[in-house]
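Summary of the model geometry
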Amino acid sequence: MTTTAPQTDIATQSPAAPADGGQPLLSVQDVHTWFELRKWGFGHAGYVRAVDGVSFDLEAGHTIAIVGESGCGKSSLMKTILGLHRPIKGDVVFQGRSLSGLDRGGRRWYHSQVGYVQQDPFGALPPFMPVKRILEEPLIVNGVRERAERERRVREVMEEVRLLPVGDFLNKFPHQLSGGQQQRVVIARAMILRPKLIVADEPVSMLDASVRVEILRLMEALQEAHRIAVIYITHDLSTVRYFSQRIFVMYAGNLVEQAEVDELLSNPQHPYTQALLAAIPDPEPENAHIYRDVPPGEPPSLVNPPRGCRFHPRCPHFMPGVCDVEMPPDFETRPGHKVKCWLYQEE
Ligand SMILES: Nc1ncnc2c1ncn2[C@@H]1O[C@H](COP(=O)(O)OP(=O)(O)OP(=O)(O)O)[C@@H](O)[C@H]1O
Ligand code: SF4
Ligand SMILES: [Mg+2]
């Protein structure tokens, strides 16, 4: 594969980046990511409203988790933040620059600032490239011309992710590595340009249980050492303490509750969050046989979502004539704790 080296090493200089000026690192502004459904012969058949009005800010060096059941829109939101999906409404702004306004050079700059750790490490790695080449590639694309400098940075990041001894791994291909080692390569690739933000989408869900904690601890250590902002996406609330200062709970395309991690885990207020927490398996081995189910009922259709609160068909506190009429706004029940639920409307 040939790559044209740009004139500057944007991995280290990022010349187009504005100063912080007190603004958040990332601002997700009323993002709607819908996918068009097409019927054979009949044309347009509606939209999958995967992300339907999501807003939040993320400060430099801060960490958040986005949790929710399968299909609630977590990956669609993450791909919109990465610039892989274009929202039909709303905007993603990074260091004051709207993604929709970035030209080719701007997109290359953005991708040098934001690292991506995927769910499936094997699928994420090119099968016919050795580790050394996989890790060199972002440096080449971003104009690091000196071979010795690239090798130094490759070795440095491999030491950081504990692919040791480095010499044993440089020339291995992805299929010659274990799942945990493959994910270390994916993390190294995400880190090598020293990004300001890492987006990790279910980074351990496809790994053996025995290596999950190792990988989460590694990511936590890297986040702390480099003060990188992290968006950690998971369906597993039991792992959020590893990196999250703040948790956002997502349901059917919306953020339904958000709070600092201790506040949310000790005082969940949305009935959906309460059900999610009740579904966390008991860590005590003697209780491991107790099967805890996900919240009862099925997640709703994202093509024709329920009117009003989208959780109302499953909610034990459903109030007819209230919950099925209008979508609740965010009610701030304590400073920084917001809940999208009519139970918290003040009289
Ligand atoms: N490219 C696409 N085209 C059409 N529909 C899509 C596309 N990507 C996602 N969807 C739909 O959008 C909805 C949300 O999917 P998404 O992958 O974002 O959920 P998720 O929360 O990441 O789920 P999981 O936990 O299983 O990864 C689903 O109904 C999915 O089928
Ligand atoms: S708004 Fe109503 S249906 Fe929705 S979570 Fe609150 S009580 Fe339940
Ligand atoms: Mg997903």
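Residues numbered from 1 in each chain as written. Chains lettered and ligands numbered in written order. Predicted model: local features only at pLDDT ≥ 70, side-chain atom pairs only at ≥ 80, totals over all residues.

Pairing is mixed in the open sheet, where 8 strands are placed in the order S6-S7-S8-S3-S9-S10-S12-S11. Strands with a single pairing partner mark the edges of an open sheet, and in this sheet they are strand S6 (114-117) and strand S11 (331-334). Within the sheet, the average angular offset between the axes of one strand and its neighbour, ignoring direction, is 20°. Pairing of S11 with strand S12 (residues 337-339) involves 3 bridges; the strand directions are antiparallel. Each bridged residue has a counterpart across the sheet, and for phenylalanine 331 the counterpart in S12 is valine 339. (Pairing = 2+ DSSP bridges. Helix = DSSP H or I, 4+ residues; strand = E, 2+ residues; numbered from the N terminus. Axes fitted to C-alpha atoms, helices over the stretch in contact; angles between N-to-C directions.)

Every one of the 14 residues lining ligand 2 counts as a neighbour, but Cys309, His312, Cys315, Cys323 and Cys341 are closest to it. Looking at the shell around ligand 2 residue by residue, the class counts come to 11 nonpolar, 3 polar and no charged. (Near = placed C-beta within 6 Å. Nonpolar A, V, L, I, M, F, W, Y, C, P; charged D, E, K, R; others polar.)

Another aspect to go through is the sheet that holds strand S4 (residues 89-94). A sheet is described by the order of its strands in space; here 4 strands give the open sequence S2-S1-S4-S5, paired in antiparallel fashion. Sheet topology places strand S2 (43-58) and strand S5 (97-98) at the edges, where each strand pairs with a single neighbour. Against the sheet, helix H2 (residues 74-81) touches strand S1 (26-39), S2 and S4, its axis set at about 70° to S2. (Contact = placed C-beta atoms within 7 Å.)

Before going further, it helps to examine the pairing of S4. Alignment of S1 against S4, held across 5 bridges, turns out to be antiparallel. Following the sheet pairing, glutamine 29 is matched in S4 by aspartate 91. The antiparallel hairpin formed by S4 and S5 contains 2 residues in its connecting segment, where glutamine 95 sits at a positive phi of about 45°.

Right, let's talk about the nonpolar core for a bit. Grouped together as the largest cluster of nonpolar side chains are 84 residues, with contacts concentrated most on Ile66, Val67, Ala188, Val199, Ile231 and Val249. Here the element with the most residues in this core is helix H8 (residues 179-191); it accounts for 6 residues. Not counting residues within four places of it along the chain, the set of residues in contact with valine 67 comprises Thr234, His235, Leu237, Val240, Ile247, Val249, Met250 and Leu276. (Core = buried A, V, L, I, M, F, W, Y, C linked by C-beta atoms within 7 Å. Buried ≥ 20, exposed ≤ 12 C-beta atoms within 10 Å, placed from the backbone.)

This part takes up the pairing of strand S3 (residues 63-67). Burial of S3 is extensive: 5 of the 5 residues sit out of reach of the surface. Sheet analysis places S3 next to strand S8 (residues 229-234), joined by 5 bridges and oriented parallel. Each residue of the ladder has a partner; that of valine 67, found in S8, is threonine 234. Relative to strand S9 (residues 246-251), S3 runs parallel, the two being bridged by 4 bridges. Bridge pairing in S9 links valine 67 to valine 249.

Let's shift gears to H8. Relative to the 18 Å expected for 13 residues at 1.5 Å per residue, H8 spans 18 Å between its end C-alpha atoms, a close match to the ideal helical length. The buried count for H8 comes to 10 of 13 residues, which makes it a mostly enclosed element. Within H8, the full set of buried residues consists of Gln182, Gln183, Arg184, Val185, Val186, Ile187, Ala188, Arg189, Ala190 and Met191. In this fold, the buried residues of H8 make contact with S6, helix H4 (121-124), helix H5 (131-141), helix H6 (147-160), strand S7 (197-201) and helix H9 (209-226). (Expected span 1.5 Å × (residues − 1).)

Of the consecutive residues leucine 164 and proline 165, the connecting peptide bond is found in the cis state with omega at -10°. With respect to the element layout, proline 165 can be found in the loop between H6 and helix H7 (166-169). Phi is positive for glutamine 95, close to 45°, though the residue is something other than glycine. Relative to the helices and strands, glutamine 95 is located in the loop between S4 and S5. Positive phi values are uncommon outside glycine, yet arginine 162 reaches one of about 65°. Under the C-beta neighbour-count criterion, arginine 162 is labelled partly exposed, with 15 such atoms within 10 Å.

Let's shift gears to the site of ligand 1. Taken together, 13 residues lie near ligand 1, and Phe35, Ala50, Ser70, Ser75 and Ser76 sit nearest. In terms of residue count, the dominant contributor to the shell around ligand 1 is H2 (3 residues). Of the residues assigned to the shell around ligand 1, the class counts are 5 nonpolar, 7 polar and 1 charged.

For the rest of this paragraph, the subject is the packing of H5 against H6. With their axes 10 Å apart at the nearest point, H5 and H6 run at an angle of 120° to one another. Taken together, H5 and H6 sit at an angle that is classed as oblique. In the crossing of H5 with H6, the sense of the turn from one axis to the other is right-handed. Each of Lys132, Leu135, Glu136 and Leu139 in H5 lies in contact with H6, whose residues at this interface are Arg150, Arg153, Val154 and Val157. Here the residues of the contact of H5 with H6 are counted per class, giving 4 nonpolar, no polar and 4 charged. (Parallel < 35°, antiparallel > 145°, perpendicular 65-115°, else oblique. Left-handed = near helix turned anticlockwise from the far one by under 90°.)

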